[in-house]
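Chain and residue survey
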Amino acid sequence: MVNDDLTHFNDEKRAKMVDVTDKTETKRRAIARATIHMEAETLTRIQAGKIAKGDVLAVAQVAGIMAAKKTSELIPMCHPLMTTKADISFQDDAKNKLTITSEVVTVGKTGVEMEALTAVTIAALTIYDMCKAMDKGMRIEQTYLVEKTGGKSGTFKAEA
């Protein structure tokens, strides 16, 4: 379902930040996911803490949380939000794939989907940066919104 009633344009048909002044504050939550494929040896070394630049997952987790908090500085039309929760988790397939999941929460007038998506993207890029010396062929794929709750549009869940 596509909503053609976009509100990101002013009277001159130029981009603007949407006015959320009169919206009701509600609890907003978003979960996003990204996958990074790598050589099996790269994943093994990440798990064993044998990457020269340090603890890859700890650094990527902090980077993702920082990214969630800075989203409005990166995406021009995003509203600055008071993030009340940001978390990053990792799951591997014991072969060559690492899945990154973020959860971001706020109480506010606009959602945190962009913050959750930015968090997993930056976490994935951090993993790439820390491991690129040994594996330049890593692929960041399947970045998507898993779920969002709160606000006028209600709940969204991605199809399985």
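Keep in mind that what you see is a predicted model, and the values were worked out from it rather than measured.

Describing the overall build of the chain
- The helix and strand inventory of the chain stands at four helices and five strands.
- Reading the chain from its N terminus to its C terminus gives the helix and strand order β-α-α-α-β-β-α-β-β.
- Considering only C-alpha atoms, the chain reaches an extent of 55 × 30 × 30 Å along its principal axes.
- Here the chain holds 160 residues, and 36% of them are scored as buried.
- Taking all contacts inside the chain whose residues are at least 6 apart in sequence as the whole, residues at least 24 apart take part in 70%.
- A total accessible area of about 9900 Å² is found for the chain, and carbon and sulfur atoms account for 53% of it.
- Of the side chains in the chain, 23 bear a positive and 22 a negative charge, and the two mean positions are spaced by 2 Å.

So, the sheet that holds strand 5 (residues 156-157)
- Spatial ordering of the open sheet is given by 2-3-1-4-5, a layout of five strands whose pairing is antiparallel. Looking at the sheet topology across the chains shown, the edges are occupied by strand 2 (83-92) and strand 5.

Description of the UniProt feature "binding site: substrate" (unreviewed entry) in the chain
- Under the local residue numbering, the UniProt record ascribes the feature "binding site: substrate" (unreviewed entry) to Met 77, Cys 78, His 79, Met 114 and Glu 115. Separation in sequence by 39 residues is not matched in space for these annotated residues, since their most distant C-alpha atoms are only 12.4 Å apart.
- Note that Met 77 resides in the loop between helix 3 (71-74) and strand 2.
- When sequence neighbours within four positions are dropped, the list of residues in contact with Met 77 reads His 8, Ala 15, Lys 16 and Met 17.
- Structurally, Glu 115 can be placed in helix 4 (residues 113-131).
- What makes Glu 115 buried here is its relative accessible area of 4%.

Some words on the UniProt feature "active site" (unreviewed entry) in the chain
- According to UniProt, the "active site" (unreviewed entry) feature falls on Asp 129.
- Structurally, the position occupied by Asp 129 is in helix 4.

Section: the environment of Met 66
- Here Met 66 shows up in helix 2 (residues 56-69).
- Considered as a pair, Met 66 and Glu 41 are 25 residues apart in the sequence and their alpha carbons are 28 Å apart.

Considerations on the packing of helix 2 against helix 4
- Running from N to C, helix 2 and helix 4 point in directions that differ by 145 degrees, and their axes come no closer than 7 Å. Pair helix 2 / helix 4 crosses with right-handed handedness. Packed against helix 2, whose contacting residues are Val 56, Leu 57, Val 59, Ala 60, Ala 63, Gly 64, Ala 67 and Ala 68, the element helix 4 presents Glu 115, Thr 118, Ala 119, Ile 122, Ala 123, Thr 126, Ile 127, Met 130 and Cys 131 at the interface.

What counts and how
Residues numbered from 1 in each chain as written. Predicted model: local features only at pLDDT ≥ 70, side-chain atom pairs only at ≥ 80, totals over all residues. Heavy atoms only, no water. Helix = DSSP H or I, 4+ residues; strand = E, 2+ residues; numbered from the N terminus. Buried < 20%, exposed > 50% of the residue type's maximum accessible area, 1.4 Å probe, protein only. Contact = heavy atoms within 4.5 Å. Areas by Shrake-Rupley, 256 points an atom, 1.4 Å probe, with all protein chains shown as cover. Lys, Arg positive; Asp, Glu negative; His and termini not counted. Charge placed at Lys NZ, Arg CZ, Asp CG, Glu CD. Pairing = 2+ DSSP bridges. UniProt positions renumbered as here; feature names shortened; annotations may be inferred. Axes fitted to C-alpha atoms, helices over the stretch in contact; angles between N-to-C directions. Left-handed = near helix turned anticlockwise from the far one by under 90°.

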